[in-house]
Amino acid sequence: MPSGARDLSSTTGSTAWRSFADLANDSRASSKSSRMRTKSKGLPSLPPIVPVHSFDQILHSAQQRAARRRARERKEKDNDLMQLPFLDLSLAHRHTIKGYRTFLAVVEHVHGKEEERSEARRRKAEEEQKKAEEIARMTRLTLLATSALTEKNEEDVLTSSAISKHVVKDRIMTQEQKRKQEDETIKAAEIEREKDPEEVAEILKPPDFPAIIDRLNSDPISGFSDRELERIEEQFQVYKTPGQSDVHADRLYELLASLGYTTIEEEMIRKIMSEVTRYSSLDLSELISFLARYAHFEQATIRKSFHEFDTDESGELSTGEVQAVLKAMGCSPFKGTLQRLIDAVDDDSSGTLDFNEFISLLLVYRQTDGFSHKEIRQMYRTFCRFAVVDNNVKKVPQYRLTTALIFEFGAQAADLARQLAKQDGRSMRRAKSLWMMASSRRTSLNGTEKSGSGSLTFRQFVTWSRRMKEGEINEYVRQFQRFDQSQDGVLDRSEVKQVLKKMGYMPLRSNIQDLFQAVDADGDGTVNLEEYLEMMDYFKRWDGFTGAEAAELSAVFKRHANMDGEISTMQIMDILRASGRSTSLRKIQQLVAKVDVDETHSLDFKEFLRLMRLLREEELGQARQAFMLTLKDILPKEDFVALDPDDENVAIPRERLQLPVRLLELQTDMVELQGLADRYAIDAALDFDSFVNLVDHLRRNRQARKKKQASFEDSEVTSLQSKFSFVDRDGSGEIDRDEIPRLLKPMGMELKSKDDQRRLMALIADARRWAAECGVPQEECGKHGTAIVRFPVFLFMCRLLQREKEAKALAEEEEEARILGFAEVQVKKLHSKFCFWVARMQEETEASESQDGQDFNLTLSVDGFGKLCEHINPRLSSEEIQDITAALPKLHDFPTIRTEAHVEELMKVAEEEEETEAVEEELLPEVQQVSFPLFVRSMKWMLERNLGQMQDAFKL
């Protein structure tokens, strides 16, 4: 195309474009005025007109930008050359010696500048490389710190090696072995986490250290990194309100925790929330703005805490300073757990932590609230026991929180659990501790009540457990200060003994010795505050038993526990009888109800320990009573009145031991008693601890003898011996298959079929095996596979038959409840409540237990039944309780319920008109005792009539 044509075309195009642009501007002006008019009328505005550039204009604009860039580069080069004021740059282009020298100077200057720029780039690359290596190192240390919490008693991952002190090769090999061990530890922890449920894995997963340290070291106000924005968007999708595109203010606490924020304060959340929006929810852009401000606050808070305790301004914290920082943040760290974490993140074993190492420790500690992985998994099992499913999410209702905490921390912490559960949730949100999460009963950030607020997620339950642990520690500190009578900052053995007595225990010297061996590291016979806290944790873990005693009980429990790690009421009775204790189903049911916190009618190991502790305290109480009665008989009246019961120097003479032994009903002879007195007496007298050791020895001898007679009392053995001798006409001491039926028929076992005969042979085999385990000589056990039975085996056969009857009676009690329509969980809870109430009423009335050995079922008086109904449903009025009591005769007289048709007939009988009540009362006998089946019938009757809104009460 000719140049003139090109110019004309260009001119024409530009003129046309200007005309088009003028039209577009006029159109936008008219459109703006139109939008102003339509806006007032409520009509939608027209979209703006966007001009479209031609190709020539786009090309011309690009060429102009390139020209400006080249001019800017030339100017920068000239500015560099102008820094040589002694040179005339015009001479550099002349073919002269002076011009050549000028040219060389210019070249040297430009090359020097390039070297400076290369050096700057090299330094920047080295800094980035060091930063990446530091992040990789701290990420690895964070994984190691997380792995260090896999077990509470796990050995430290990082240990110093003596081999590394010899030669370089050995040192390198040691480092390789050390790294291999670290890799194995990290991998093992990862494999364990893969087996965990989602809620547990979320808490146990290692923190994202690179992302968090990048956030702490950057300026969040200027904007987050792309990686952090991705994490924010991911959590936004998790916590946003279903069906909406925003996050409610009540979810910000959990969102901050999930992003790894270590300092979470509700007051600051409210403040920043009010600065970002005036609404109660945030969209994504508002959430990013909120997090930028909060990240700035977190940076200032953590660095301030770090520098405040870095007194020597070395940029590092010692172990003591780390502990002080955590305490200032509101956490009382466990010494063992904290030391394992410090050893894990202290890569150079210097005993100090720099800022990054401190952040790593803080993140790991914050992730699990200071608990080990084993403790977190145990908490989840407790959480699942009391949780209900709400919108496919497990949550613990608020009304179950107290029971759940007592189950987790033991009956010793019951008062503290009740106290914490009653506190207002707002007090916890006001706390500035990073460990205290919002409670289940929360109000929203705008002051209104949050919907569905009466339950806790697993993360919240873990935080409540941390708060419970903090409360325990605070209580221990107060105890320490109260009993530190000498005000020297330590407690001796006598002071520790007084503390344990105040807690409701009766400690012996063996218990105190075991405690001091476990925690008194320096062996000075005293414990400081930190050692005292460890001592209380050790004492509570084994519920007052020594380590050896607890290990023995643990082995017994594991032999009988099911797949869920629990033992039933019948198994507990087997354990006690196998140890030589004489007990009945009635007493076992009451004991189980006292310690069955979750009301499942079965016990886990902690509950089993508590039951054994109750039995032990009962034995010690009996020994104490016999000891004091003996002193009362020995001492003059005025001396006995002035006697201090806690005085360890109080003792009874060895020649007066017959009286307390007789009071405890321990059968022995003078030879055995004098031998034991020689063994345990101190200066011809026995103090209380020595007396308990003597009594325990006699009990062990008695229990060993009773084990061989199937834990029957001597009177029962005599009765069974007479029955056995009556059948054993020839006096051979043996009975055969033909004689056994006559002996077993009165016990309810008849041999009418081959199945009965097979059952008999199985019974004999089980009795022989049990007798051999209990120490019966082999010749007394007889030959296996034969039907010839000697008397010791016959005793164990009788015990097994009695156990069958007891198990049948227990099953029949609960079977009728299931037919009445109660779920399995409700049956167990009702049975546990009933047994517990029977035990409580007997303690109040000091009623004695029936020991006839035939009546296996517990019963409750009518008055106690009314109190139990009022306990289950406090909304029942006195008139309604009278109606329930009046209906008992009709409910009791109804035949055994076998089918659902029987249930309908029972309800019809209970709903008869009032005019027939007088006649029925004359015909039906008055009910004196309420059994569990009758109790369940009355519950069903109340549910059908909904007395006192009973249906709502049962939902809880």
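Residues numbered from 1 in each chain as written. Predicted model: local features only at pLDDT ≥ 70, side-chain atom pairs only at ≥ 80, totals over all residues. Heavy atoms only, no water.

Draft legend 1. Focus on the overall build of the protein. Within the protein one finds 41 helices and 15 strands. Taking all 956 residues of the protein together, 44% fall into the buried category. When the accessible surface of the protein is split by element, carbon and sulfur atoms take 51% of a total near 51,700 Å². (Helix = DSSP H or I, 4+ residues; strand = E, 2+ residues; numbered from the N terminus. Buried < 20%, exposed > 50% of the residue type's maximum accessible area, 1.4 Å probe, protein only. Areas by Shrake-Rupley, 256 points an atom, 1.4 Å probe, with all protein chains shown as cover.)

Draft legend 2. Here's a closer look at unusual backbone geometry. Of note, Asp 543 is a non-glycine position whose phi angle comes to about 55 degrees, a positive value. On the secondary structure map, Asp 543 appears in the loop between helix H21 (529–541) and helix H22 (547–560). With relative accessibility at 4%, the residue Asp 543 sits in the buried group.

Draft legend 3. Molecular detail of helix H23 (residues 569–578). A large share of H23 lies buried, amounting to eight of its ten residues. Regarding H23, the residues found buried are Thr 569, Met 570, Ile 572, Met 573, Asp 574, Ile 575, Leu 576 and Arg 577. At its buried positions, H23 is contacted by H22, strand S8 (567–568), helix H24 (585–595), strand S9 (602–603), helix H25 (605–634) and helix H34 (791–819). Phi for Gly 580, located one or two positions after H23, is positive at around 95 degrees. (Contact = heavy atoms within 4.5 Å.)

Draft legend 4. Structural context of helix H20 (residues 509–519). Within the sequence span of H20, burial applies to Asn 511, Ile 512, Asp 514, Leu 515, Phe 516 and Val 519. Looking at the buried positions of H20, the neighbouring elements they touch are helix H19 (493–502), H21 and H22.

Draft legend 5. Summary view of the UniProt feature "domain: EF-hand" (unreviewed entry) in the protein. The sites that UniProt annotates as "domain: EF-hand" (unreviewed entry) are residues 297–332, 333–368, 471–506, 507–542, 583–618 and 715–750. Annotation note: span residues 471–506, helix share 64%, strand share 0%, distance between end C-alpha atoms 24 Å. Its end C-alpha atoms 13 Å apart, residues 507–542 is made of 67% helix and 0% strand. (UniProt positions renumbered as here; feature names shortened; annotations may be inferred.)

Draft legend 6. Broad picture of the pairing of strand S6 (residues 393–397). Note: strand S5 (residues 388–390) against S6, three bridges, orientation antiparallel. By the bridge assignment, Asp 390 is partnered in S6 with Val 393. The pairing of S6 with strand S7 (residues 455–456) spans two bridges and is antiparallel. Across the sheet, residue Val 396 finds its bridge partner in S7, namely Leu 456. (Pairing = 2+ DSSP bridges.)

Draft legend 7. Region of the structure containing the packing of aromatic side chains. In the structure shown here, the tally under the stated rule is 24 aromatic pairs. With 6.1 Å between their ring centres and 25 degrees between their planes, Phe 290 and Tyr 294 make a pair best called stacked. Note that Phe 290 and Tyr 294 are positioned in helix H10 (residues 284–309) at a spacing of four residues, about one turn of the helix. Among the residues examined, Phe 290 registers a relative accessible area of 0% and is labelled buried. Note on Tyr 380 and Phe 383: the rings are 6.1 Å apart at their centroids and 25 degrees apart in plane angle, and the pair reads as stacked. (Phe/Tyr/Trp six-rings, centres within 6.5 Å; stacked < 30°, edge-to-face > 60°.)

Draft legend 8. Inspection of empty space enclosed by the protein at higher detail. Per the stated rule, a full pass over the model turns up two cavities of 30 Å³ or more. Its volume calculated, the largest cavity comes out at about 40 Å³. Around the largest cavity sit Tyr 505, Met 506, Pro 507, Asn 511, Phe 539, Gly 544, Arg 613 and Glu 617, which together line it. Taken together, the residues of the lining of the largest cavity sort by class into four nonpolar, two polar and two charged. If you trace the second largest cavity, you find it lined by Asn 511, Asp 514, Leu 515, Phe 539, Gly 544, Phe 545 and Thr 546. Class assignment of the residues belonging to the lining of the second largest cavity gives a composition of three nonpolar, three polar and one charged. (1 Å grid on protein atoms, 1.4 Å probe; cavity = no way out; pocket = protein on both sides within 12 Å on 5 of 7 lines; lining within 4 Å. Points joined across faces, edges and corners; volume = space filled by probe spheres on them. Nonpolar A, V, L, I, M, F, W, Y, C, P; charged D, E, K, R; others polar.)

Draft legend 9. Fine view of the packing of helix H36 (residues 862–872) against helix H40 (residues 932–945). Where H36 meets H40, the closest approach of the two axes is 12 Å, and the angle between their N-to-C directions is 45 degrees. Taken as axis vectors, H36 and H40 run oblique relative to one another. Here H36 and H40 pass one another in a crossing that is right-handed. Along its contact with H36, which presents Phe 865, Leu 868, Cys 869 and Ile 872, the element H40 presents Phe 935, Ser 938, Met 939 and Met 942. Looking at the contact of H36 with H40 residue by residue, the classes come out as seven nonpolar, one polar and no charged. (Axes fitted to C-alpha atoms, helices over the stretch in contact; angles between N-to-C directions. Parallel < 35°, antiparallel > 145°, perpendicular 65-115°, else oblique. Left-handed = near helix turned anticlockwise from the far one by under 90°.)

Draft legend 10. Inspection of the sheet that holds S5 at higher detail. If you walk across this open sheet you meet the three strands as S5-S6-S7, and the pairing is antiparallel. Either end of the sheet is taken by a strand with one partner, and the two such strands are S5 and S7. Across the sheet, helix H14 (residues 373–386) touches S5, S6 and S7, and the angle it forms with S6 is around 80 degrees.

Draft legend 11. Summary view of the nonpolar core. Core analysis: the biggest nonpolar cluster contains 35 residues, and Phe 822, Phe 834, Leu 860, Phe 865, Phe 935, Met 939 and Met 942 have the highest contact counts within it. With eight residues, H40 is the largest single contributor of residues to this core. (Core = buried A, V, L, I, M, F, W, Y, C linked by side-chain atoms within 4.5 Å.)

Draft legend 12. Structural context of the confidence of the model for the protein. Overall, the predicted model of the protein reaches an average pLDDT of 76, with 76% of residues at or above 70. Averaged pLDDT values over the elements of the protein bottom out at 39 in helix H17 (residues 425–430) and peak at 92 in strand S10 (residues 651–653). The low-confidence segment residues 913–923, where pLDDT is below 50, has two contacts with residues more than four positions distant or belonging to other chains. (pLDDT = per-residue confidence, 0-100.)

Draft legend 13. Up close: the pattern of salt bridges. Under the counting rule described, the total for this entry stands at 40 salt bridges. The partner of Asp 633 in a salt bridge is Arg 656, and the shortest N-O contact between them spans 2.9 Å. Note that Asp 633 is positioned in helix H25 and Arg 656 in the loop between S10 and helix H27 (658–663), a separation of 23 residues in sequence. Measuring nitrogen to oxygen at the nearest pair gives 3.2 Å for the salt bridge that ties Lys 706 to Glu 713. A relative accessible area of 30% places Glu 713 in the partly exposed class. Among the charged side chains, a salt-bridge network with shared partners connects Lys 469, Glu 472, Asp 537, Lys 540 and Arg 541. (Salt bridge = Lys/Arg side-chain N within 4 Å of Asp/Glu carboxyl O.)

Draft legend 14. Broad picture of the environment of Thr 142. Structurally, Thr 142 can be placed in helix H3 (residues 97–147). Judged by its relative accessible area of 1%, Thr 142 is buried. In this structure, the C-alpha to C-alpha distance between Thr 142 and Val 345, residues 203 residues apart in sequence, is 6.8 Å. Apart from residues lying up to four places away in sequence, Thr 142 is in contact with Pro 207, Phe 209, Ser 360 and Val 364.

Draft legend 15. Summary view of the environment of Ala 809. Following the sequence through the fold, Ala 809 ends up in helix H34. Spatially, the C-alpha atom of Ala 809 lies 9.9 Å from that of Leu 585, the residues being 224 residues apart in sequence.

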